[in-house]
There are 2 protein chains.
Amino acid sequence: MDKQLGIGLMSGTSLDGIDAVLIEIEGSSVNTKVKVIDSLTHEYESDVRHALKELCFPETASLEKICSMNMFLGRELGMLVNKLLDKASIGKEEVLFVSSHGQTIFHKPLGGEKRMDVPGTLQIGDLSMLSEITGITAVGDFRTADMSAGGQGAPLVSFVDYILFNNPYRSRAIQNIGGIGNVTYIPRNAQKDQVMSFDTGPGNMVIDEIVYRITESKQVYDKDGEIASKGNVNQKLLNKLMEHPYLKLRPPKTTGRELFGNSFVDSVMSNSSGLPSEDIVATVTAWTAKTIADSYSRFIESPSNSIDDVVIGGGGSYNPFLMEQLRRYLPNKTVYKHEDFQLSSNLKEAIAFAILGYHCLIGKSNQIPSATGAENPVIMGKISHTQPQAFQQLSALRGNLH
Amino acid sequence: MDKQLGIGLMSGTSLDGIDAVLIEIEGSSVNTKVKVIDSLTHEYESDVRHALKELCFPETASLEKICSMNMFLGRELGMLVNKLLDKASIGKEEVLFVSSHGQTIFHKPLGGEKRMDVPGTLQIGDLSMLSEITGITAVGDFRTADMSAGGQGAPLVSFVDYILFNNPYRSRAIQNIGGIGNVTYIPRNAQKDQVMSFDTGPGNMVIDEIVYRITESKQVYDKDGEIASKGNVNQKLLNKLMEHPYLKLRPPKTTGRELFGNSFVDSVMSNSSGLPSEDIVATVTAWTAKTIADSYSRFIESPSNSIDDVVIGGGGSYNPFLMEQLRRYLPNKTVYKHEDFQLSSNLKEAIAFAILGYHCLIGKSNQIPSATGAENPVIMGKISHTQPQAFQQLSALRGNLH
């Protein structure tokens, strides 16, 4: 099969914007080869971020706004793709697909007692709009397929981590620190069903919201860990934070804004009265690091399961204070960044969703049941090709597959 | 191209349940040939209907319930498909696709003044869940593609009406009376871009809700028009109802529960105080008929545009009182039912969505811009194949296309 061009789009729970990456891809599963051609990031304008934030809270998420923002965001995603193609001087007819994670506004991996209270999730950014604006086949809305097979609909990147980081001699923990922290554990020389993955707990979500509040909306994250590095970690607050029940829950488990969003930050702030702002930021940053290390010793490591390497990705890998804390809490492991593997942390998730979308289009399973808790493998994703030429391109590829 | 088996699923705005139809299909566009093999209807249980009704009102539609019901309904749709296949003694591996309209819980065809207040729509009943439960490729979520091209996302059935009813000698109005009334006008010997379509106004939605209230929840619709036929049409109330601003709005136009739902029925009831219940039902039934006839003379008929035949479909065609009123208000036209064309009114929309889904899968436009107001033709629909064998079946078909 020939090399194909595709685009991956990621818009994370931290609501900072959209990452777009243009890649060249060939092969599939463990033989997948990916090369980054170009990339572009779009920061949400403040009114858009505000509107999306409203949707993340059940109290302010109206049905009308959900539907409007689904279409609005589909258009934003499409316009970013068109800009990226302009920048790279590539025509849409050369690109096979755009694959988009979408903006998560709700994720409930576990059901309740009533028969209609089943697990559900919602990623907005309409795929038909994305396809229509770009003229390219769009893939996305991955999580519901995994949940249909009994999985928690997350973490999805573990399939891609397995493809990119499996190694015959080293056992690895691939740790993403986005809004939420999540890990993929790949034992040395692993088979797909030995891969383990779960959300470790908070990523940057709590740090970001606290920085936003104490800087009175002037900063949306702790750039280069500068605020934290001026403060001291408060042991009493740290111990209190470590009591969060999610941290003791056995995997498979996933979490999001429901547990570590605004109302959680309210409680952190009320537990921090009297502390200097810098100490609060330093402490929640240390806490994020400690929840990760603690997750490893509690749920991964055993006499038969070691961890040799930890590879940090996501926005958190650019926070030196957080990296320092991670190395402190993980003393006997080599702590890498994704960049040490020629992979941009910033782009990792966008690349991952390009890989997931490509596998959906060629009809190969793109999910790891042992990571999500699903009963069986599935092909995740939904496909939209609003224009005949996008469909024909896809058909030609599939013709080559058979 | 060989004949293919496919399934169409319709769940209308009247929230009565799901119609499933198994069809044999071949050809495409005006050469499409369809044969009904079997069908099955699932009435929503009362708790499900109640939960869906809650979702249709922005005040009671919580984000969590939307997400849960999306998955719950995907499962219900899938289980109905499996039952239909059992009934027909057909294996899933013989069926190419399932195409589902989904349950509309919101539809706003026009945007507001703010830049993020764009048109949007939401049909629930997750396609990946549907594919996973059935093991068959699922298609659905059609409306957003049309809206992405500037259309109102409705009416979608006009494409199918054009395929099935275009005639070299007769000009036809194909009138569906579901929850909402909508018409497709096909001039004699029409080209696709001469087709006109819009929502005429209320269908059974207002009648049903009033019957539900006056029978104290014992009846959900006026079976065989029995209640209406015991009453008299109240001319004063009828004139008042005819003043509804939607009826004067020029096409393209679409409507739904937002205009003719509970709060509208509240106002009808308060305008009807003192009238016998039967008179209220008779009057809103006559009103439904009159809005249809009035729409024709106001927006379709002109010296160059005649209507020879009116073909009534949807639940309304089984209400003899409503049919009598229609004939009264349409004195110079032949008023048919769909059954006169060997097409079940009950199944018409489910068949229509099977046809739309099939066109999406083979990459052919399945929409009429002159009907929806879109700027350009699109291929509507999103596709999910959670299992490799479903994907392979689809690929084999597409291989035959090229």
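All figures in this text were calculated on a predicted structure; none of them were measured in a lab.

**As for the overall build of chain A**
Thought 1: Scanning chain A from terminus to terminus reveals 15 helices and 13 strands.
Thought 2: Scaling as 2.2 N^0.38, a compact globule of 402 residues should have a C-alpha radius of gyration of about 21 Å, and chain A matches this with 20 Å.
Thought 3: Seen through its principal axes, chain A has C-alpha atoms that stretch 65 × 50 × 50 Å.
Thought 4: Taking all 402 residues of chain A together, the buried fraction comes to 62%.
Thought 5: Sequence-distant contacts, at least 24 apart, represent 69% of the contacts inside chain A between residues at least 6 apart.
Thought 6: Here chain A has roughly 14800 Å² of accessible surface; of this, 47% comes from carbon and sulfur atoms.
Thought 7: Computing the positive centroid from 38 side-chain charges and the negative centroid from 45, chain A places the two 5 Å apart.

**As for the relation of the copies chain B and chain A**
Here two copies of a chain appear, and what relates them is a rotation about an axis with a shift along it.
Thought 1: For these two chains of identical sequence, chain B goes onto chain A by a turn of 180° and a shift of 0.0 Å along the axis, with RMSD 0.0 Å. Here the two chains are linked by the operation of a two-fold rotation axis. The position closest to the rotation axis in chain B is occupied by the C-alpha of B:Ile383, lying 2.5 Å away.
Thought 2: A symmetric contact is evident, with 100% of the interface residues of chain B recurring at the interface of chain A.

**Comments concerning the domain arrangement of chain A**
Residues and elements named next belong to chain A.
Thought 1: Its domain assignment divides chain A into domain 1 (4–151 + 347–401) and domain 2 (158–341).
Thought 2: Here domain 1 and domain 2 have C-alpha centroids that lie 25 Å from each other.
Thought 3: Residue-level contacts link 27 residues of domain 1 with 29 residues of domain 2.
Thought 4: The three residues of domain 1 that bury the most area against domain 2 are Thr13, Lys348 and Ile368, which together make up 26% of that side's buried surface.

**A short note on the packing of aromatic side chains**
Thought 1: Tallying each qualifying case throughout the model produces 18 aromatic pairs over all chains.
Thought 2: Between the aromatic rings of A:Phe142 and A:Phe353, the centroid separation amounts to 5.6 Å while the plane-to-plane angle is 45°, which identifies the pairing as tilted. With a gap of 211 residues between them, A:Phe142 in the loop between strand 7 (137–140) and helix 4 (143–148) and A:Phe353 in helix 13 (residues 345–361) connect regions that are remote in the sequence. Side by side, A:Phe142 and A:Phe353 carry an identical accessibility label, which is buried.
Thought 3: Considering the side-chain rings of B:Phe165 and B:Phe341, the 5.2 Å spacing of their centres and the 80° angle between planes classify their relative orientation as edge-to-face. Note that B:Phe165 is positioned in helix 5 (residues 158–165) and B:Phe341 in the loop between strand 12 (334–337) and helix 13 (345–361), a separation of 176 residues in sequence.
Thought 4: Residue B:Phe165 is classed as buried on the basis of its relative accessible area, which comes to 2%.
Thought 5: Under the relative-accessibility criterion, B:Phe341 is labelled partly exposed at 25%.

**Description of the interface of chain B and chain A**
Frequently, the measure chosen for interface size is the accessible area that the parts lose on association.
Thought 1: The interface of chain B with chain A comprises 57 residues on the first partner and 57 residues on the second.
Thought 2: Counting each side, the surface lost to burial between chain B and chain A is near 4800 Å², with a carbon and sulfur contribution of 62%.
Thought 3: Inspection of the region where chain B meets chain A yields 8 salt bridges.
Thought 4: Linking A:Arg115 and B:Glu45 is a salt bridge whose minimum nitrogen-to-oxygen distance equals 3.2 Å.

**Re the environment of B:Ala293**
All names here are of chain B.
Thought 1: Its location among the elements puts alanine 293 in helix 11 (residues 277–300).
Thought 2: A relative accessible area of 11% means that alanine 293 is categorised as buried.
Thought 3: Separated by 58 residues in the primary sequence, alanine 293 and isoleucine 351 have C-alpha atoms spaced 26 Å apart.
Thought 4: Not counting residues up to four positions away in its chain, the partners in contact with alanine 293 are Tyr329 and Leu330.

**So, the nonpolar core**
Thought 1: In terms of nonpolar packing, the biggest core is built from 90 residues, with A:Phe97, A:Leu356, B:Phe97 and B:Leu356 touching the most fellow members.
Thought 2: Leave out the neighbours within four places in its chain, and B:Phe97 touches B:Leu5, B:Gly6, B:Ile7, B:Ile25, B:Ile136, B:Thr137, B:Val139, B:Ala354, B:Tyr358 and B:Leu361.
Thought 3: Of all hydrophobic cores here, the second largest spans 76 residues; its members include A:Leu80, A:Leu85, B:Leu9 and B:Leu85.

**Quick notes on the packing of helix 11 (residues 277–300) of chain A against helix 12 (residues 320–329) of chain A**
Residue and element names in this part refer to chain A.
Thought 1: As a packed pair, helix 11 and helix 12 sit with axes 9 Å apart at the nearest point and diverge in direction by 40°. When the interaxial angle is binned, helix 11 and helix 12 end up oblique. Regarding helix 11 and helix 12, the two cross each other, and that crossing is right-handed. Contact residues: helix 11 offers Ala282, Thr285, Ala286, Thr288, Ala289, Lys290, Ile292 and Ala293, while helix 12 offers Phe321, Leu322, Gln325, Leu326 and Tyr329.

**Thoughts on the UniProt feature "binding site: ATP" (unreviewed entry) in chain A**
Residues and elements named next belong to chain A.
Thought 1: Following the UniProt record, one finds the feature "binding site: ATP" (unreviewed entry) at Gly12, Thr13, Ser14, Leu15, Asp16, Gly17, Ile18 and Asp19.
Thought 2: Its place among the elements puts leucine 15 in the loop between strand 1 (4–10) and strand 2 (17–26).
Thought 3: Residue leucine 15 is classed as buried on the basis of its relative accessible area, which comes to 0%.
Thought 4: Mapped onto the elements, isoleucine 18 comes out in strand 2.
Thought 5: What isoleucine 18 contacts, discounting residues up to four positions off in sequence, is Leu9, Met10, Ser11, Leu40, Thr41, His42, Tyr44, Glu76, Leu77 and Leu80.

About the thresholds
Residues numbered from 1 in each chain as written. Chains lettered and ligands numbered in written order. Predicted model: local features only at pLDDT ≥ 70, side-chain atom pairs only at ≥ 80, totals over all residues. Heavy atoms only, no water. Helix = DSSP H or I, 4+ residues; strand = E, 2+ residues; numbered from the N terminus. Rg over C-alpha atoms; globule rule 2.2 N^0.38 Å. Buried < 20%, exposed > 50% of the residue type's maximum accessible area, 1.4 Å probe, protein only. Contact = heavy atoms within 4.5 Å. Areas by Shrake-Rupley, 256 points an atom, 1.4 Å probe, with all protein chains shown as cover. Lys, Arg positive; Asp, Glu negative; His and termini not counted. Charge placed at Lys NZ, Arg CZ, Asp CG, Glu CD. Least-squares fit on C-alpha atoms with pLDDT ≥ 70 in both. Domains from an automatic or database assignment. Buried area = accessible area lost by both parts, 1.4 Å probe. Phe/Tyr/Trp six-rings, centres within 6.5 Å; stacked < 30°, edge-to-face > 60°. Salt bridge = Lys/Arg side-chain N within 4 Å of Asp/Glu carboxyl O. Core = buried A, V, L, I, M, F, W, Y, C linked by side-chain atoms within 4.5 Å. Axes fitted to C-alpha atoms, helices over the stretch in contact; angles between N-to-C directions. Parallel < 35°, antiparallel > 145°, perpendicular 65-115°, else oblique. Left-handed = near helix turned anticlockwise from the far one by under 90°. UniProt positions renumbered as here; feature names shortened; annotations may be inferred.

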